[in-house]
Amino acid sequence: MEDLKTAAVRGSGGRLAGKSCVVTGAANGIGRAVAELFAREGASVVATDLDVDGLRRLEKQLPQAVSTVVGDVSRDEDARRMVAAAVERHGRLDVLVANAGVIPLMEITEAGADDWDQVMAVDGRGMFLTCKYAIEAMAPSGGDGAGGGRDGAGGAIVCVSSISGVAGQRGQAVYGPAKFVASGLAKHLAVEWADRGIRVNAVAPGTITTERVARLRDEPGGPEYLAAIEQLHPMRRLGAPEEVAAAVLFLASDEASFITGAVLPVDGGYLAQ
Ligand SMILES: NC(=O)c1ccc[n+]([C@@H]2O[C@H](COP(=O)([O-])OP(=O)(O)OC[C@H]3O[C@@H](n4cnc5c(N)ncnc54)[C@H](O)[C@@H]3O)[C@@H](O)[C@H]2O)c1
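Just so it is clear, the structure is predicted and the values come from calculations on it, not from any experiment.

**Notes on the pairing of strand β5 (residues 155-160)**
- Across the six residues that make up β5, a large majority, six, are buried.
- Burial of β5 is two-sided: the residues Gly-155, Ile-157 and Cys-159 facing one way and the residues Ala-156, Val-158 and Val-160 facing the other way are all buried.
- Taken together, the four bridges between strand β4 (residues 95-98) and β5 define a ladder with parallel strand orientation. Bridging across to β5, Val-97 finds its partner in Val-158.
- Of the strand pairs in this sheet, β5 and strand β6 (residues 198-205) are connected by six bridges, and their pairing is parallel. Counted as the bridge partner of Cys-159 is Ala-202 from β6.
- Crossover handedness for the path β5 to helix α6 (residues 176-193) to β6: right-handed.

As structure tokens, this is what we get:
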């Protein structure tokens, strides 16, 4: 396990050499692991988030590769600025990782309309807005409709969905439908833009030990809750952010040049059940 994780974290270097990338929700968790791996693979990364301190830490850690934009993906003007920053700073946009999201843990009977609106605003509308502006930025450099992306022209988008955005689960009815937006956008946009050289895919992570999930171990009932979730994954463990980042890197890179519209589970076998 440790070896696998170490290999995923290390990266081979150069798989995104010279690419201009935007990662949303990059200050923490999966987005942070993606930004770190992309930087090691030679990308110029515009890291975006609401969390000013988290972005500052990331920029300090990787000053050559990472610059930042503070903003809220659910706000039209902010989403537009995130993409515009990559074009202004690096001349174009090659890759968007639409990762920013909130994960409410509540049953439908506990939730009100505001809870639904909040998760849909970030995980739904924010995903739509960042994809929209990324496609607008990638479109001019895309193909002419004849071939489609074999030389990497155009761009690649990876939407971070979830196992909850592919299948039903207990207790996820407030969050899961918003993650279906990520899986759905990946499929619809993939078909619409394939002949203009823009690939759009999604990853569907199982439960991942981000800082937030790891903190549950110290909360009352947390260890039991996590142990129960581990048992739901056939590998009988949770995933690491770096393991999701490795899958995102593959889909974003030219190695995935004939893959579009895919929703790749990164879930220890969860969705195979
Ligand atoms: N952790 C998991 O188990 C898991 C599993 C499946 C899918 N996911 C998905 O992975 C993505 C990242 O989640 P994570 O677990 O790393 O969470 P996280 O809370 O560790 O990180 C999410 C980041 O997004 C930022 N963010 C939240 N709302 C934002 C907004 N409106 N605008 C800009 N940034 C915003 C947060 O500040 C934070 O830095 C989410 O889309 C989530 O749905 C997570």
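**Structural notes on the site of the ligand**
- Taken together, 26 residues form the shell around the ligand, and within it Asn-28, Asp-49, Asn-99, Tyr-175 and Lys-179 come nearest.
- At 2.8 Å from an oxygen atom of the ligand is found a main-chain nitrogen or oxygen belonging to Ile-30.
- Backbone polar atom of Ile-208 to an oxygen atom of the ligand: 2.8 Å apart, as the coordinates give it.
- Contact with the protein chains hides 90% of the accessible area of the ligand, taken as 820 Å² for the molecule alone.
- With respect to the pocket detection grid, the ligand is positioned in the largest pocket.
- Partitioning the shell around the ligand into residue classes produces 12 nonpolar, 11 polar and three charged.

**Comments concerning the layout of surface pockets**
- Counted as a void, the largest pocket has a volume near 1400 Å³.
- Forming the boundary of the largest pocket are 49 residues, of which Val-102, Ile-103, Tyr-175, Arg-212 and Val-213 lie nearest the centre.
- Counting only elements with at least two residues in the lining of the largest pocket, the list comes to α2 (29-40), β2 (44-49), α5 (113-138), α7 (211-215) and α8 (222-232).
- Here the lining of the largest pocket gets four residues from one element, more than from any other, and that element is α7.
- Taken together, the residues of the lining of the largest pocket break down into 20 nonpolar, 18 polar and 11 charged.
- The computed volume of the second largest pocket comes to approximately 180 Å³.

**Points about the pattern of salt bridges**
- Throughout the structure, instances matching the rule amount to 13 salt bridges.
- A salt bridge links Arg-196 to Asp-195; the nearest nitrogen and oxygen atoms lie 3.7 Å apart.
- Given the relative accessible area of 32%, Arg-196 is considered partly exposed.
- The class for Asp-195 is partly exposed, based on a relative accessible area of 37%.

**Thoughts on the packing of α2 against helix α3 (residues 52-61)**
- Orientation of α2 relative to α3, taken along the N-to-C sense of each, is 20°, at an axis distance of 11 Å. By the angle between their directions, the pair α2 and α3 is classed as roughly parallel. The element α2 and its partner α3 pack so that their crossing is right-handed. Contacts from Arg-32, Ala-35 and Glu-36 of α2 reach α3 at Gly-54, Arg-57, Leu-58 and Gln-61.
- Its residues assigned to classes, the contact of α2 with α3 comprises two nonpolar, two polar and three charged.

**Overview of the environment of Thr-109**
- Here Thr-109 shows up in the loop between β4 and α5.
- Judged by relative accessible area, which is 73%, Thr-109 ranks as exposed.
- With 65 residues separating them along the chain, Thr-109 and Val-174 place their C-alpha atoms 9.7 Å apart.

Conventions we followed
Along each chain, residues carry numbers from 1 onward, in the same order as the chain's sequence is written. In view of the model being predicted, local features appear only for residues whose pLDDT reaches at least 70, and side-chain atom pairs are presented and counted only at 80 or more, with totals across whole chains, interfaces and linings using the full set of residues. Only hydrogens and water are set aside; all other atoms, that is, all heavy atoms of the structure, feed into the side-chain values. For every residue, the accessible area (1.4 Å probe, protein chains only) is compared with the maximum for its type, and the residue is labelled buried under 20%, exposed over 50%, or partly exposed between those bounds. Runs of E in the DSSP output that reach at least two residues are strands. Runs of H or I that reach at least four are helices, and both are numbered from the N terminus. Think of it this way: DSSP has to see at least two bridges between two strands before they count as a pair. Convention used here: a crossover is right-handed provided that the path from the first strand, over the helix, to the second strand proceeds clockwise when the strands point away from the viewer. One heavy atom within 4 Å of a molecule or strand is enough for the residue carrying it to be called near that molecule or strand. Polar contacts, as used here, are pairs of N or O atoms within 3.5 Å; protein pairs need one atom able to donate a hydrogen and one able to accept it. Residues neighboring in sequence count only if both atoms are side-chain atoms. Using a 1.4 Å probe, the Shrake-Rupley method yields the accessible areas, and only the shown protein chains count as cover for residues. A cavity, in this analysis, means grid points on a 1 Å lattice covering only the protein atoms where a 1.4 Å probe fits yet has no way out; a pocket is instead an open set bounded by protein on both sides within 12 Å along at least five of seven lines, and a residue lines either one if it has an atom within 4 Å of a point. The rule for placing a molecule in a cavity or pocket is simple: more than half of its atoms must lie within 2 Å of the grid points. Basically, the charged four are Asp, Glu, Lys and Arg, the nonpolar ten are Ala, Val, Leu, Ile, Met, Phe, Trp, Tyr, Cys and Pro, and anything else, Gly included, counts as polar. Grid points are joined across faces, edges and corners, and a volume is the space filled by probe spheres set on the points. A carboxyl oxygen of Asp or Glu within 4 Å of a side-chain nitrogen of Lys or Arg is what we treat as a salt bridge. Orientation is described by lines fitted to C-alpha atoms, with helices fitted over the stretch in contact, and by angles between N-to-C directions that extend from 0 to 180 degrees. An angle counts as roughly parallel when it lies under 35 degrees, as roughly antiparallel when it exceeds 145, as roughly perpendicular when it falls between 65 and 115, and as oblique in every other case. Helix crossings get a hand from a simple test, with the near helix turned counterclockwise from the far one by less than a right angle marking a left-handed crossing and a clockwise turn marking a right-handed one. By definition in these notes, contact holds between two residues if any of their heavy atoms fall within 4.5 Å.

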